[in-house]
Amino acid sequence: MIKLAALGPAGTFSELAVNKYKEQIDEDTVVKFYPTITKVVNAVGNECSMGIVPIENTLDGFVQVTLDLLASSDLNILNELVIPIQFAFVANSDMDKLQKIYAQFKTQGQCCKFLENLDGVKIITTESNGVSVENIKKEVYGEGAIIPRHMLTSIKNPIHTINCVTDSKENETRFIVLSKDKTNYKEEKKYKTSIVIMDAKDDKPGSLSKVLNEFASKGINLTSIISRPTKRGLGKYYFFIDIDGCYPEQENVREVIEKIRENSIVKIIGSYYSL
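Residues numbered from 1 in each chain as written. Predicted model: local features only at pLDDT ≥ 70, side-chain atom pairs only at ≥ 80, totals over all residues. Heavy atoms only, no water.

With respect to the environment of V121
Short version of the rule: Put simply, DSSP H or I for four residues or longer makes a helix, DSSP E for two residues or longer makes a strand, and each gets a number counted from the N terminus. Each residue is assigned to one of three classes by its accessible area relative to the maximum for its type, calculated with a 1.4 Å probe on protein chains only: buried under 20%, partly exposed between the two thresholds, exposed over 50%. Whether two residues are in contact is decided by their heavy atoms, any of which lying within 4.5 Å being enough.
Secondary-structure assignment places V121 in the loop between α4 (112-116) and β8 (122-126). Its relative accessible area of 16% is what places V121 among the buried residues. V121 sits 123 residues away from D244 along the chain, and the two C-alpha atoms are 44 Å apart. With near-sequence residues (within four places) excluded, V121 lies in contact with L98, Q99, K100 and I101.

Topic: the nonpolar core
Test applied: Nine residue types can take part in a nonpolar core, namely buried Ala, Val, Leu, Ile, Met, Phe, Trp, Tyr and Cys, and a core is a set of them joined through side-chain atoms within 4.5 Å.
With 28 residues, the main nonpolar core has I52, F89, I101, F114 and I146 as its most contacted residues. Of the residues forming this core, the biggest block, 4 residues, is contributed by helix α1 (residues 13-25). Beyond its immediate chain neighbours, meaning those up to four positions away, I52 contacts L4, A5, A6, L7, A17, V18, Y21, V40, F175, I176 and V177. Among the nonpolar cores identified, the runner-up in size contains 27 residues, and A71, L178, Y238 and F240 belong to it.

Some remarks on the layout of surface pockets
The criterion, for reference: In this analysis a 1.4 Å probe is tested at points of a 1 Å grid over the protein atoms alone, and where it fits but cannot get out there is a cavity; an open set with protein on both sides within 12 Å along at least five of seven lines is a pocket; lining residues have an atom within 4 Å of a point. Grid points are joined across faces, edges and corners, and a volume is the space filled by probe spheres set on the points.
In this structure, the second largest pocket occupies an estimated 330 Å³ of space. Contributing to the lining of the second largest pocket are 17 residues, with Y21, M50, L78, K182 and N184 lying nearest its centre. At the level of elements, α1 and β5 (76-84) are the ones that each hand at least two residues to the lining of the second largest pocket.

Shown next as structure tokens:
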């Protein structure tokens, strides 16, 4: 039996990702929900054998806390899943009486147009969409919340409802499945490899350009690149790079990464495929 950690409480997009994963693997699975992404990641390899966390959103980009945790942990990405994301708004008062809105920290960046049109309303940041739902269920007059649209039916007798407040109909979130184990290679699957370039041994102008040229020289496609501060001083960054291909099974991917390791510390976060 698999014990799986996920961002809770139940009912949010993380649970949709969990359910999709369970359908794909067809194994007995017990899910344990945690209040923050950090607690989910810390549970993997301890209280749970695996975990699922969000890493990237169409509208709001990468989840920074997830990237930072991947850089510092010894976990591997086993798979990724993409879930469509839409939000609704509910309130326990009319809009002209609204004083507070609860919204998860990444949700705010996906509903900017709606939030920018509100004047004099305090935005309360929550750790998860489930917490926003729990707050609105307290039925405090003058309070509202941005919640997952599929959770609208769980709210009883809201005074005001807007069915969709998402900035785009094409909004999606990419989730990753984490474990201390590595995935078993399947030749028929299309793989992606995620790496972190930690510290350049020879920090000179053009160092990053040389790294990128190494991938180009072997015809390897980069699907994303993002920097995150090392928190060890200004101007010090990790570089998170996603590429098409599998390390170490594909020779061109293996050769490029070993070449980059001659001048930089490279951490392989995982080679994986989409479910």
